[in-house]
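One-letter residues, chain by chain:
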Amino acid sequence: MADPAREAPKRFEEMDLSPAMMKALVKANYEEPTPVQAGVIPTALEGVDVIGQARTGTGKTASFVIPILEDLLPKREAPGPQGLILVPTRELAVQVRDEVVKLASGRRIQCVALYGGKPIRGQIEKLKDGPQVVVGTPGRLLDHIGRGTLRLGDLWCVVLDEADRMLDIGFRPDIERILRKCPEENRQTLLLSATVPPPILRLAQRYMHEPVTLNFSEGDVSVETIDQLYFTVDHDRKFDLLVKLLERENPAQAIIFCRTKRGVDRLLRRLSKKFKSVNAIHGDMQQSARDRVMKSFRGAKLQVLVATDVVGRGIDVTGISHIINFDVPEFCDDYVHRVGRTGRMGREGVAYTFVNPEEGPQLTRIEQRINRLLKRDEIEGFDASAPVIEEPKKEKSEAPPPPESAMKRRPKRYRRAL
Ligand code: AMP
């Protein structure tokens, strides 16, 4: 039985997926599951019905495509389509079909997209080839069902993707007609929706069997309202940039995130020399000390808090105006949790991420995860690149000053992979 409270896997390796799927994930460059995937995939693989509250851009497509592909029967046992995915628009039908093709890479799996505005003949021909997975808009799917060109007898999984949008467009009667024609026994139904208003719940009550509800939209909502920027900065210049940034922003309250406890301690030592109202919190500190720090932060007696992810992600203080990712978070999920500390209760918030020139791919992954690009920021007159010393190190007094040109190296940019 699915346990929604269990620890979500952090890696695809923990999900017991087939070698073919693991290969396809590597090829797709999906290194770690998004939170939606970490929640929905293991639950759906148990065969239960799932309502996943998630919006587009969260990796929700793969979260239902992977469980379908993992459990497909051989064609000789099930010649008809086994998975049917209902989507609101043509564009989404194509996008979902492409995701199926991508994740089925290296395997003999066919998928067809059926949507209006395209000649039905070509689609009928493709259906004759026996695709295991069919994606379509409700109107065109009904058309095929009516003509007898789409057989539903072998279906065991039905997905309602972007269910709220489908209902908004007025597809409710069509969806119900289709669901009534799908096999009931042993059918698994997955419903993905950014919101779950009463009409969706009614649909779920009528056509789903004891669904498990997983909500992934809470953290994302606030992330959308937060200004998010990044700085390109060499590792050795990060501390100086931080000082400049704190001086420029003079935040009401800020959390600065570091990746390690040692990093937190080191940064606190250095910052304390420059700023008065700074303290730190991490998991190696005594609980009583942590409580004291949190009390003064909550009471706004502390302006800047340096923290690790584990401790920082639970902080719920409404006065936090700034999040500074001194280190890029290791997991995209952590980025969302970090940034979600600000902009709470409808307040304004801003998040800065320090990225060194080698960390471009990490930034790109974060941008894919939140489905938006971070804006680049710079501090006027601040050189974010470390000086290059070309001479081997000699005695301090003997070393000639580095040439002016080497001191003024342009900060390296990286190519966005989006
Ligand atoms: P979706 O929300 O399904 O529309 O996905 C949004 C984008 O994220 C798509 O371009 C996917 O290819 C991409 N994506 C999905 N899952 C992952 C992952 N685990 N790692 C990296 N990118 C992903």
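Residues numbered from 1 in each chain as written. Predicted model: local features only at pLDDT ≥ 70, side-chain atom pairs only at ≥ 80, totals over all residues. Heavy atoms only, no water.

With that settled, consider the side chain of Thr232. Within the element layout of this structure, Thr232 appears in strand S8 (residues 227-232). When its relative accessible area of 6% is taken as the criterion, Thr232 is described as buried. Here the side chain of Thr232 touches Arg376 through a polar contact of 3.3 Å, side chain to side chain. (Helix = DSSP H or I, 4+ residues; strand = E, 2+ residues; numbered from the N terminus. Buried < 20%, exposed > 50% of the residue type's maximum accessible area, 1.4 Å probe, protein only. Polar contact = N/O pair within 3.5 Å; in protein donor to acceptor, adjacent residues only side chain to side chain.)

This part covers empty space enclosed by the protein. Applying the stated criterion to the full structure yields 1 cavity of 30 Å³ or more. Roughly 40 Å³ of volume is contained in the largest cavity. Lining the largest cavity are Glu32, Val328, Pro329, Glu330, Phe331, Cys332, Gln362, Arg365 and Ile366. The element contributing the most residues to the lining of the largest cavity is helix H16 (residues 360-370), with 3 residues. Residues of the lining of the largest cavity, tallied by class, amount to 5 nonpolar, 1 polar and 3 charged. (1 Å grid on protein atoms, 1.4 Å probe; cavity = no way out; pocket = protein on both sides within 12 Å on 5 of 7 lines; lining within 4 Å. Points joined across faces, edges and corners; volume = space filled by probe spheres on them. Nonpolar A, V, L, I, M, F, W, Y, C, P; charged D, E, K, R; others polar.)

Time to look at the sheet that holds strand S11 (residues 304-307). One open sheet accounts for 7 strands, arranged S10-S11-S9-S12-S13-S8-S14; its pairing is parallel. Whereas interior strands pair on both sides, the edge strands pair on one side only; in this sheet they are strand S10 (278-281) and strand S14 (375-376). The sheet contact formed by S10 and S11 spans 4 bridges and is parallel. Looking at the pairing, Ile281 lines up with Ala307 of S11. Contacting S8, strand S9 (254-257), S11, strand S12 (322-325) and strand S13 (350-355), helix H11 (residues 238-249) crosses the sheet at an angle of about 160° to S13. Its contacts with the sheet place helix H13 (residues 287-298) against S9, S10 and S11, and it is angled at close to 135° to S10. (Pairing = 2+ DSSP bridges. Contact = heavy atoms within 4.5 Å. Axes fitted to C-alpha atoms, helices over the stretch in contact; angles between N-to-C directions.)

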